[in-house]
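Structural description and commentary
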Amino acid sequence: MKVSHINIFFRSIGKTQIKYRWLCLSLLLVLTVINLSGLRNFQTQSNNNDWIVNGSEIQVNSDHFKDIFGNDQYVLVLVQADDVFAPEVLSIIDNLGEELESTVPFADKVTSLTTVSIPIGTDGGLEVKSPFEDGIPADLIELAEKKAFIMSRESLVNNLVSDDAKETWIILKLHPFEDESTDVVTVGHAAEKVILQDKYKSSNWSLKPIGSAYTTAEKMDTVSHDFAIRIMLGFATMLICLIVFVRSFRGVIVPFIATLFGIGSVLGFTGLLHIPADSDLMSLPVLLGMALSIGYALHYINAFKLHFRRTGKRKESVICAVEESGWPVLFTVITTVVSLLSFMFACIRPMVWLGAVSASVVFMVYIYVVILIPIFMSFGKDAKISTQPAGATKADLFFEKMGAKLVAHSKSIVIISTVIIVICIPGLLKMEVNMDYLKFMGSKVPFVHRIEEVLKTKIGNLYSYDVLIEFDQEDAFKDPHNMMALDLLENDLGKLRMTKISGGKPRVKSITRMVKEMYRVLQADDPQFYKIPEERDMLTQLLFFYEISDSDSLYDDVTETFDAAHVHVEISDYNANSIVDDIAKAEASARKYFPDAKIAVVGTVAENAAMNATIVTSELKSFGSSFLMIAILLVIVFSSVRTGLIAMIPNLAPVLLIGAVMGYAHMPLDEVTMMIMPMILGIAVDDTIHFSNHIKYKLEGKVSYQQAISETFREVGKTMGTTTAILCAMFLMYCFSPITAMFRIGLLSIIGLSAALIADYTLTPALLYISKPLKINK
């Protein structure tokens, strides 16, 4: 496939564009208006549920769990005071709980010190009710008695209230959502308005809100604010780069318009299709589109300027720019789009969305650039011919000399590159997968810092999972054998490595705790009877007392037909590998005690643990498919397997370096960092294509390898450096983000792009010069 033949085709395209420029602009305007009309329907969402595209067993189980026990998302408030049983603190707890329950959408019921149901002995046996059912007593002696009673309940101490009575929870249970992606944010914002009111502030206590329903709204607000800042900084950087590198009014305005309309058209089209954008990742395709559009524009503009200095003829220079740049720019677009589309081979919805939208943005900004740049550059007068040789600038001549020196040291370059690659491999092997929500956001984010403070308290917690046990027959958990097995399972789960311990007690709970409390109360409150009764009649009686006293609380832990129950396990920290091991052991223990029941481990932590393996396979699929497709394209274009594979070698260097940095710096592979490697591969190959394609074109002109490389450095070396500098400047905007994941995107992308440019300046010409895979026309 001769480059000269392809260039002839693009020359005809350039002539057609100039001849029918008004028609081209009119058609583009119509397309733009249609697409932009969809922006009125554009929506964003941030939903960590249902991440796996084709569904998974754990998602099916989680949905089934919600169908049985209701919404698993809560709004929680940690109350801290010198004594949470002080009258003014109890009053605040009661008032705040009531306001949350009455004003927050989807509110079900509040559990707190003033509302918690506890078994209390009566003349007729026992009943389950709140010690503060008749209000907070004014008599301090009576209040002290109630405090002593609550603090004597094993099921409450270091669960609802700390053993030193300095911490307690207000827990708002929610009804099932209609549309989780939007309802959870609505709930969070409504709860925030209530909790942050001045009337609930005091130096005598502190309120620290937490819970997935609350923090999801905070996350959305944080990400949206950060997105706006990154985009504003991106546009400012884009304008500065255009002014610095193009230095002409037309060269600044046209790429800027092309970028706006290109990105706007894609987002508008998703609005027309009612496809919501992922708010966590939305800034990535936008900034990527900005950076690449400038790069594509610069190739056309610099080629135009080069020919304009040589000939002084404007329209002819535009045609020559399309002829020379049309094919390499198109091919770089194809490889970048292919690389981004490789995200769709992953099984993770945010990656699929990012791949589809980013590929569309790249393609659309390319369409706008290749139509608008040649047409607007064709307007104007001709100019005088430059006196510089071949229309070259001083910078071009500098790159020509650099190219000659690099060719002379080709073997040394290959040896040094090999050593660097070898050093990178151990770091690459140190990479670990970790879906830690807090580390993803980072402690610089205010609400994450608050969560970290909560986690340091005695009863504070964020991470948990549930073990669901379900029988086919009703009343299975009225059988003392099964209830005792549930208690034994609790004990086993409390011994697992990641289970949180508060005051020496594992944070594991189920229906057994209330059953044991009731049995103890029924036996004159003797602590020796804090256990599961062995007689079925006694167990059935206890469950009946609980059902008639507080059925809502009972059915939080067991189904109405008593065929299913669950054990709730809180964990101390998020360590992906340890959690995966704990969950496997938890499931094994449950199957040991309940061999005839259906067992499932559910919850966000369980889903994230399952995502660990998915991330690894998705990364391999995405990068592998990207590498394979780009390699095939290079082989086809260069009509040589050898040349195509040689061209891929320099593009592996930045990927290996990114992996090494992540491994050595202990940066986890998560849902964001996993996208960097295939993305950088697709972008990095652009310069390799421009460089190799130009050398091939020069060799077709019957020059030597050394001369072809030197002339290629002179004609495209500056542009390669400029486009990479612009890309790095765009990704630099992420480095100023307080969100750790965004910072990592910026840092790793800059490292990868810089390494790719260095490899293309050194390793690519060295390999081509040593191996000489391209034929010289004689």
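This section reports on the structure supplied with the text. What you are looking at is a predicted structure, and each value in this text was computed from that prediction instead of being measured. (Residues numbered from 1 in each chain as written. Predicted model: local features only at pLDDT ≥ 70, side-chain atom pairs only at ≥ 80, totals over all residues. Heavy atoms only, no water.)

**Examining helix H16 (residues 480–494)**
For H16, spanning 15 residues, the distance from its first C-alpha to its last is 21 Å, which sits close to the expected 21 Å at 1.5 Å a residue. Within H16, eleven of the 15 residues are buried, leaving the element largely enclosed by the surrounding structure. Among the residues of H16, the N-terminal cap falls to Asp-479, whose side-chain oxygen and the backbone nitrogen of His-481 are separated by 2.9 Å. (Helix = DSSP H or I, 4+ residues; strand = E, 2+ residues; numbered from the N terminus. Expected span 1.5 Å × (residues − 1). Buried < 20%, exposed > 50% of the residue type's maximum accessible area, 1.4 Å probe, protein only. Polar contact = N/O pair within 3.5 Å; in protein donor to acceptor, adjacent residues only side chain to side chain.)

**Section: the environment of Val-116**
Mapping Val-116 onto the fold places it in the loop between strand E3 (107–111) and strand E4 (118–122). Sequence separation between Val-116 and Glu-218 is 102 residues, and the spatial gap between their C-alpha atoms is 28 Å.

**Description of the sheet that holds strand E7 (residues 205–210)**
Here we have four strands laid out as an open sheet, ordered E3-E6-E2-E7, and antiparallel in their pairing. Looking along the sheet, the strands with just one partner apiece sit at the ends: E3 and E7. Adjacent strand axes in the sheet meet at a mean angle of 20° when their direction is disregarded. The sheet contact formed by strand E2 (residues 74–81) and E7 spans six bridges and is antiparallel. Within E7, the position partnered with Leu-78 by the bridge is Lys-208. Each of E2, E3, strand E6 (167–174) and E7 is contacted by helix H4 (residues 87–103), which is oriented at about 15° to E6, the strand it contacts most. (Pairing = 2+ DSSP bridges. Axes fitted to C-alpha atoms, helices over the stretch in contact; angles between N-to-C directions. Contact = heavy atoms within 4.5 Å.)

**Observations concerning the sheet that holds strand E14 (residues 598–602)**
Strands sit in the order E12-E13-E9-E14 across an open sheet of four strands; the sheet is antiparallel. The strands lining the two open edges of the sheet, one partner per strand, are strand E12 (508–509) and E14. By the bridge criterion, eight bridges tie strand E9 (residues 463–470) to strand E13 (residues 564–571) in an arrangement that is antiparallel. What sits directly across from Ser-464, in E13, is Glu-570. Most of the contacts of helix H3 (residues 57–69) go to E9, to which it runs at about 80°, and overall it touches E9, E13 and E14.

**A look at the side chain of Thr-512**
Secondary-structure assignment places Thr-512 in helix H17 (residues 511–522). The class for Thr-512 is buried, based on a relative accessible area of 0%. Each residue touching Thr-512, except ones within four places of it in the same chain, is listed here: Met-483, Leu-486, Asp-487, Glu-490 and Ile-532.

**What about the environment of Ser-339?**
Considering the arrangement of structural elements, one finds Ser-339 in helix H10 (residues 314–341). A residue is classified by how much of its surface remains accessible, and Ser-339, at 0% relative accessible area, is buried. Ser-339 sits 283 residues away from Ser-622 along the chain, and the two C-alpha atoms are 8.1 Å apart. Excluding residues within four positions of it along the chain, Ser-339 makes contact with Ser-626, Ile-630, Pro-678, Met-679, Leu-681 and Gly-682. Among the polar contacts listed, one links the side chain of Ser-339 to the backbone nitrogen of Gly-682, at a separation of 3.3 Å.

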